[in-house]
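# Results of the structural survey
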Amino acid sequence: MKTSKAEHATVIVERTYAAPPHLVFAAWSDRDVLATWSAPGDGWKLAWRAFDFTVGHTDICTFGAIDAEPYINTTRYEEIKPNQRIVYTSTISYMGDLIFAGVVTVEFSAVDDATRVVMTESGVYLDGSDSALGHEDGWAAMLDSLGDYLMRRLRRAA
């Protein structure tokens, strides 16, 4: 019999971007823009099976290393307050097994001419197939990539 393990943890990643809250929020709400910055690493691909950024609706995306079995991430939006906060539930499965379930809150706050983002993920990481440290590293890389996207966007607008 396989031993079951559940790690409960909270991951918090913060960034401040030299962009107004409406631009930072928009980067989370647009399918094409989200795809440009949210792949969790180099050599990874991300594709949407469904995308509907609306309270009560569900997104489904696959992601993973190129030429490997993909992870399946299912997201259900619980609250969306434009330019302020996004709250969603999330599960990640791999090869038919649930490896993560949790709640993610993304908070946006204006700080002078910038936006502070606080991403908090409270979850359970199952059977050693996933970990809080892996999610923290993934979120840090994704939020850094979001910063790169915003810098490019602001340069084009100037």
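Now for a quick tour of the structure. (Residues numbered from 1 in each chain as written. Predicted model: local features only at pLDDT ≥ 70, side-chain atom pairs only at ≥ 80, totals over all residues. Heavy atoms only, no water.)

The next point concerns the packing of aromatic side chains. Any aromatic ring pair is given by two values, namely how distant the centres are and how the planes are angled relative to each other. Evaluation of the coordinates by the stated rule reveals 13 aromatic pairs. Both rings, one in Trp44 and one in Phe63, keep their centres 6.1 Å apart while their planes meet at 20°; by these two values the pair is stacked. Here the residue Trp44 occupies a position in strand S2 (residues 44-50), and Phe63 occupies one in strand S3 (residues 58-65), the gap between them amounting to 19 residues. Between Trp44 and Tyr71, the ring centres sit 6.2 Å apart and the planes meet at 10°, which makes this aromatic pair stacked. Here the residue Trp44 occupies a position in strand S2, and Tyr71 occupies one in strand S4 (residues 71-81), the gap between them amounting to 27 residues. Residue Trp44 is classed as partly exposed on the basis of its relative accessible area, which comes to 33%. On the accessibility criterion, Tyr71 (22% relative accessible area) is partly exposed. Ring pairing ties together the aromatic residues Phe25, Trp28, Trp37, Phe53, Tyr77, Tyr88, Phe108 and Trp139, which thus form one cluster. (Phe/Tyr/Trp six-rings, centres within 6.5 Å; stacked < 30°, edge-to-face > 60°. Helix = DSSP H or I, 4+ residues; strand = E, 2+ residues; numbered from the N terminus. Buried < 20%, exposed > 50% of the residue type's maximum accessible area, 1.4 Å probe, protein only.)

As for its position among the elements, Pro21 is in helix H1 (residues 21-29). A residue is classified by how much of its surface remains accessible, and Pro21, at 18% relative accessible area, is buried. When neighbours within four sequence positions are excluded, Pro21 is seen to be in contact with Asn83, Ala110 and Thr115. (Contact = heavy atoms within 4.5 Å.)

To continue, consider unusual backbone geometry. Non-glycine residue Asp112 carries a positive phi angle of around 55°. Tracing the sequence through the fold places Asp112 in the loop between strand S6 (97-111) and strand S7 (114-126). Judged by relative accessible area, Asp112 falls into the exposed class, the value being 77%. A positive phi angle, close to 55°, is found at Asp127, a residue other than glycine.

Here we take up the layout of surface pockets. Taken as a whole, the largest pocket encloses approximately 610 Å³ of empty space. Taken together, 31 residues line the largest pocket, and the ones lying closest to its centre are Phe63, Asn73, Ile92, Trp139 and Met142. Those elements that provide at least two residues to the lining of the largest pocket are helix H2 (31-37), S2, S3, S4, strand S5 (85-94), S6 and helix H3 (132-157). Looking at the lining of the largest pocket element by element, the count peaks at five residues for H3. Here the lining of the largest pocket is built from residues that sort into 20 nonpolar, eight polar and three charged. (1 Å grid on protein atoms, 1.4 Å probe; cavity = no way out; pocket = protein on both sides within 12 Å on 5 of 7 lines; lining within 4 Å. Points joined across faces, edges and corners; volume = space filled by probe spheres on them. Nonpolar A, V, L, I, M, F, W, Y, C, P; charged D, E, K, R; others polar.)

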